[in-house]
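# Secondary and tertiary structure notes
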Amino acid sequence: VYPGHFAAGLALKTIEPRSPTWALMVGVALLDFLFGVFVLFGLEGGTIGHLNIPWSHSLAMSLLWSALFSACFWRLGRRVTMIVFAAVMSHWVLDALSHRPDILLWPTSGTPLGLAQYTGGLAGWFEVLVCIGACAWYVRSALRTNAFGAHWATACSVIGLMYVAEYLVVR
Amino acid sequence: MTLDWINGLANIAQFAIPAAILVWADRPPAGNSSTPPANRQPARAPNGS
């Protein structure tokens with residue numbers, strides 16, 4: 001759900017415009033940043049479709065990473081902190097809905113989650129819906145509030161390009 | 001494709017680049033250079049008059 005994560009971040013920006021955009025963008029990608037780091041250290045790995053990601057993407061660790069990262073923004077207020085927390089956790093939710101079963105509840109649990117085994121090709125359409133819905137919501141709020149999204153067309157184009165790139169590489 | 005450390009770096013980069021563009025694109029429009037600080041209370045209208 002490569003572009004879907006960022007689209008979710010844009011949608012969360014509309015709920016609390018005072019949230020730092022960079023924090024939301026880092027937040028929605030944090031679990032994959034950690035995956036990259038853990039791969040470097042040999043803790044995680046695998047192949048596309050059969051990922052071994054217990055430390056970066058399990059539910060318990062995702063909650064921990066969300067809490068640690070959002071705590072950095074406590075001084076900006078409870079609402080911003082909660083939105084940043086939601087940004088990180090949105091990654092887990094979207095992955096659990098669209099991955100093949102490789103999302104664990106905790107690092108040593110034996111029951112991987114991932115609805116893609118049941119939804120099949122619908123997972124791709126689910127991502128399209130997430131991207132379109134989130135971008136539409138973002139543009140609507142940007143035009144209404146005039147508080148963010150000066151280049152909303154560029155933002156939406158980036159989401160679209162990411163989807164095309166993902167489609168060409170993964171599918 | 002087995003993931004090695006080069007793929008780990010690529011994984012980081014593929015998120016960092018679009019994230020940087022999105023942060024730039026999300027700037028407030030000209031004439032509204034910043035959003036209010038998170039802890040600022042809204043100004044209260046004066047009573048009376």
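What you see is a predicted model; the values in this text were computed from it and never measured. (Residues numbered from 1 in each chain as written. Chains lettered and ligands numbered in written order. Predicted model: local features only at pLDDT ≥ 70, side-chain atom pairs only at ≥ 80, totals over all residues. Heavy atoms only, no water.)

The helix and strand inventory of chain A stands at eight helices and two strands. For chain A, the α and β elements follow one another from N to C terminus as α-α-β-β-α-α-α-α-α-α. Once the C-alpha set of chain A is aligned to its principal axes, its extents read approximately 45 × 35 × 25 Å. Considering chain A as a whole, with its 171 residues, one finds that 54% of them fall into the buried category. Taking as baseline every contact in chain A between residues at least 6 positions apart, the subset at least 24 positions apart corresponds to 57%. Of the roughly 8,000 Å² of accessible surface on chain A, 71% is carried by carbon and sulfur atoms. One way to put it: in chain A the 9 positive side-chain charges average out to a point 16 Å from where the 7 negative ones average out. (Helix = DSSP H or I, 4+ residues; strand = E, 2+ residues; numbered from the N terminus. Buried < 20%, exposed > 50% of the residue type's maximum accessible area, 1.4 Å probe, protein only. Contact = heavy atoms within 4.5 Å. Areas by Shrake-Rupley, 256 points an atom, 1.4 Å probe, with all protein chains shown as cover. Lys, Arg positive; Asp, Glu negative; His and termini not counted. Charge placed at Lys NZ, Arg CZ, Asp CG, Glu CD.)

Right, let's talk about helix 4 (residues 59-71) of chain A for a bit. Residues and elements named next belong to chain A. For helix 4, built from 13 residues, the straight-helix expectation of 18 Å at 1.5 Å per residue is met to within 8% by its first-to-last C-alpha distance of 18 Å. Within helix 4, the full set of buried residues consists of Met61, Ser62, Trp65, Ser66, Phe69 and Ser70. When helix 4 is viewed along its axis, its buried side chains cluster within an angular range of 155° and face the same direction. Along its buried surface, helix 4 packs onto helix 2 (21-40), helix 3 (54-57) and helix 5 (78-98). (Expected span 1.5 Å × (residues − 1). Arc of directions from axis to C-beta.)

Moving on: the packing of helix 2 of chain A against helix 4 of chain A. All names here are of chain A. Put simply, helix 2 and helix 4 touch, their axes get as near as 11 Å, and they point 130° apart. By the angle between their axes, helix 2 is oblique relative to helix 4. Judged by the sense of rotation from one axis to the other, the crossing of helix 2 with helix 4 is right-handed. Facing Ala23, Val26, Gly27, Leu30, Leu31, Leu34 and Phe38 of helix 2, the residues of helix 4 in contact are Ser62, Trp65 and Phe69. Looking at the contact of helix 2 with helix 4, its residues break down into eight nonpolar, two polar and no charged. (Axes fitted to C-alpha atoms, helices over the stretch in contact; angles between N-to-C directions. Parallel < 35°, antiparallel > 145°, perpendicular 65-115°, else oblique. Left-handed = near helix turned anticlockwise from the far one by under 90°. Nonpolar A, V, L, I, M, F, W, Y, C, P; charged D, E, K, R; others polar.)

Next up on the list: the side chain of Thr21 of chain A. Relative to the helices and strands, Thr21 of chain A resides in helix 2. The class for Thr21 of chain A is buried, based on a relative accessible area of 10%. Those residues in contact with Thr21 of chain A that sit more than four places away from it in its chain are Lys13 of chain A together with Leu22, Val23 and Asp26 of chain B.

In this section: the packing of helix 4 of chain A against helix 5 of chain A. Residues and elements named next belong to chain A. Orientation of helix 4 relative to helix 5, taken along the N-to-C sense of each, is 150°, at an axis distance of 8 Å. Looking at the two axes, helix 4 sits roughly antiparallel to helix 5. Judged by the sense of rotation from one axis to the other, the crossing of helix 4 with helix 5 is right-handed. Taken together, the residues of helix 5 that come into contact with helix 4 (itself represented by Leu59, Ser62, Leu63, Trp65, Ser66, Ala67, Phe69 and Ser70) are Thr81, Val84, Phe85, Val88, Met89 and Trp92. Among the residues making up the contact of helix 4 with helix 5, the classes are represented as ten nonpolar, four polar and no charged.

Residue and element names in this part refer to chain A. Here Cys131 is to be found in helix 7 (residues 122-145). Classification of Cys131 by relative accessible area gives buried; the value is 8%. Separated by 29 residues in sequence, Cys131 and Gly160 have C-alpha atoms that sit 8.0 Å apart. Discounting residues that sit within four places of it in the chain, Cys131 has contacts with Pro3, Gly4, Ala7 and Ile159.

Now for the nonpolar core. Phe6 and Ile159 of chain A together with Leu22 of chain B are the most contacted members of the largest nonpolar core, which totals 47 residues. Elements with a minimum of two residues in this core: helix 1 (2-15), helix 2, helix 4, helix 5, helix 7 and helix 8 (152-170) of chain A together with helix 1 (5-25) of chain B. No other element matches helix 2 of chain A, which puts twelve residues into this core. Contact partners of Ile159 of chain A, with chain neighbours within four places excluded, come to Pro3, Phe6, Ala7, Leu10, Cys131 and Cys135 of chain A together with Leu22 of chain B. (Core = buried A, V, L, I, M, F, W, Y, C linked by side-chain atoms within 4.5 Å.)

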